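# Chain and residue survey
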Amino acid sequence: MRIKKYLLPYFKQKKNYLKYLPIKVSLEEYVDLVTKITTILFFSSTFSMIFIFLYLFRHIDIFLIFLSLIFGIIVSLITFFYFYIYPNLAKLDYEKDIEDNLPFFSLYIYAYSGSNANIVEILKRAAYQKDFGAISKELKYLISLIETFGYDFTSAIIEVANKTPSYRFKEFLYGLLSTIRAGGDLKEFIKIFAKESLDDYKVKLQIYNDKASLYITLYAFIFITFPMIILILFFIFSTISQNPEILNATLTLFLGIIPFSYVTYIYLIHISQPKL
């Protein structure tokens, strides 16, 4: 409880980002969850290393216990840091989801803009399309402001535009509002926005292809070729010195670093990949 009270002031700036998490939690609940997970991982990783050392060396001493504690502290610090920045990552992921879906959303409403349907009805239909991801959530919020809280369309658009984390979606909402206020051609505005969104999407795909090629090259060299060279060298040293314990030193490399590098590689691909 004391730890939670001590950490709360450092997490206050994350309060506005908690709404982007996949689960709905208060700031206090989130800090409590972070504290519990970090504590559990500290003890589990420490005792796991002790058991690994017992298995490898058939004994345990103060130095190995100290190394286990250091490992537990490192794991808990990495865990805490991840959960500290996780709300920010969730916000970025939410923003990315909106902007990835914008080209498909704009094409959808462009297809309906030529009909006699009211713009509110068009947006309401789009709100219940599951393919639009976070945009659907933004539009449902817009519709709820109008139908539940009694906002007029203009006020609701401004409210959503002020709160959305996506600059491009904000740009669309303000452009839509300006076109309606000026009595302009709504279909023409949506057509231009859809074309710009598709052009941006093509650029993102090209950037993604370049990044993916770079990540694959780096991963293959650093985490496949280099560890294999290390393994061969350790095998040679072990054979020359007739000491099999040298090969045990590679256990940390293959059980820790390589799986972690693979997860990092997959995450980098995920955050840079536009919607396909």
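Relevant structure appears above.
Residues numbered from 1 in each chain as written. Predicted model: local features only at pLDDT ≥ 70, side-chain atom pairs only at ≥ 80, totals over all residues. Heavy atoms only, no water.

## Details of the pattern of salt bridges
To keep things clear, this is the line we draw: When a carboxyl oxygen of Asp or Glu lies within 4 Å of a side-chain nitrogen of Lys or Arg, that pair is called a salt bridge. Only runs of H or I of at least four residues qualify as helices and only runs of E of at least two qualify as strands under DSSP, and these elements are numbered from the N terminus.
Inspection of the entire model under this criterion finds eight salt bridges. Two residues, Glu-147 and Lys-124, come together in a salt bridge whose shortest N-O distance is 2.9 Å. Here Lys-124 lies in helix 4 (residues 119-127) and Glu-147 lies in helix 5 (residues 134-147), a separation of 23 residues in the sequence. Ionic pairing is found between Lys-163 and Glu-159, a salt bridge with its closest N-O pair at 3.0 Å. Within this pair, Lys-163 and its partner Glu-159 are both found in helix 6 (residues 153-163), separated by four residues, close to a single helical turn.

## Topic: the environment of Thr-79
Condition: Each residue is assigned to one of three classes by its accessible area relative to the maximum for its type, calculated with a 1.4 Å probe on protein chains only: buried under 20%, partly exposed between the two thresholds, exposed over 50%. A contact between two residues is defined here by any heavy atoms of the two lying within 4.5 Å. As used in this structure description, the phrase polar contact means that two N or O atoms lie within 3.5 Å; if the pair is within protein, one of them must be able to donate a hydrogen and the other to accept it, and residues adjacent in sequence are counted only when both atoms belong to side chains.
Its place among the elements puts Thr-79 in helix 3 (residues 62-113). Thr-79 gets classed as buried once you look at its relative accessible area, which sits at 11%. Separated by 16 residues in the primary sequence, Thr-79 and Phe-63 have C-alpha atoms spaced 24 Å apart. In this structure Thr-79 touches Ile-37, Thr-38 and Leu-41, once residues within four positions along its chain are discounted. At 2.7 Å, the side chain of Thr-79 and the backbone oxygen of Val-75 are in polar contact.

## Some details on a nonpolar patch on the surface
Selection criterion: A residue counts toward a patch only above 30% relative accessible area and without a salt bridge, and it is joined to like-charged neighbours within 9 Å or, for Val, Leu, Ile, Met, Phe, Trp and Tyr, to nonpolar neighbours within 5 Å. Computed with the Shrake-Rupley method and a 1.4 Å probe, the accessible areas treat only the protein chains shown as cover for residues.
Residues Phe-43, Phe-47, Phe-51, Leu-54, Ile-60, Ile-62, Ile-65 and Leu-69 make up a contiguous nonpolar surface patch of roughly 750 Å² in combined accessible area. Elements supplying a minimum of two residues to the nonpolar patch: helix 2 (27-57) and helix 3. In terms of residue count, the dominant contributor to the nonpolar patch is helix 2 (four residues). In this fold, Phe-43 is placed in helix 2. For Phe-43, a relative accessible area of 45% puts it in the partly exposed group.

## Describing the packing of helix 2 against helix 3
Quick reminder of the rule: Think of each axis as a best-fit line through the C-alpha atoms, taken over the contacting stretch in the case of a helix, with angles from 0 to 180 degrees between the N-to-C directions. The labels follow the angle: roughly parallel below 35 degrees, roughly antiparallel above 145, roughly perpendicular from 65 to 115, and oblique for the rest. Working rule for handedness: look at the near helix, and if it is turned counterclockwise from the far one by less than a right angle, call the crossing left-handed; if clockwise, right-handed. When residues are grouped by polarity, Ala, Val, Leu, Ile, Met, Phe, Trp, Tyr, Cys and Pro land in nonpolar, Asp, Glu, Lys and Arg in charged, and all others, Gly among them, in polar.
Across the interface, helix 2 lies against helix 3 with an axial gap of 8 Å and an inter-helix angle of 150°. Taken as axis vectors, helix 2 and helix 3 run roughly antiparallel relative to one another. Judged by the sense of rotation from one axis to the other, the crossing of helix 2 with helix 3 is right-handed. Considering only residue class, the contact of helix 2 with helix 3 consists of 19 nonpolar, seven polar and no charged.

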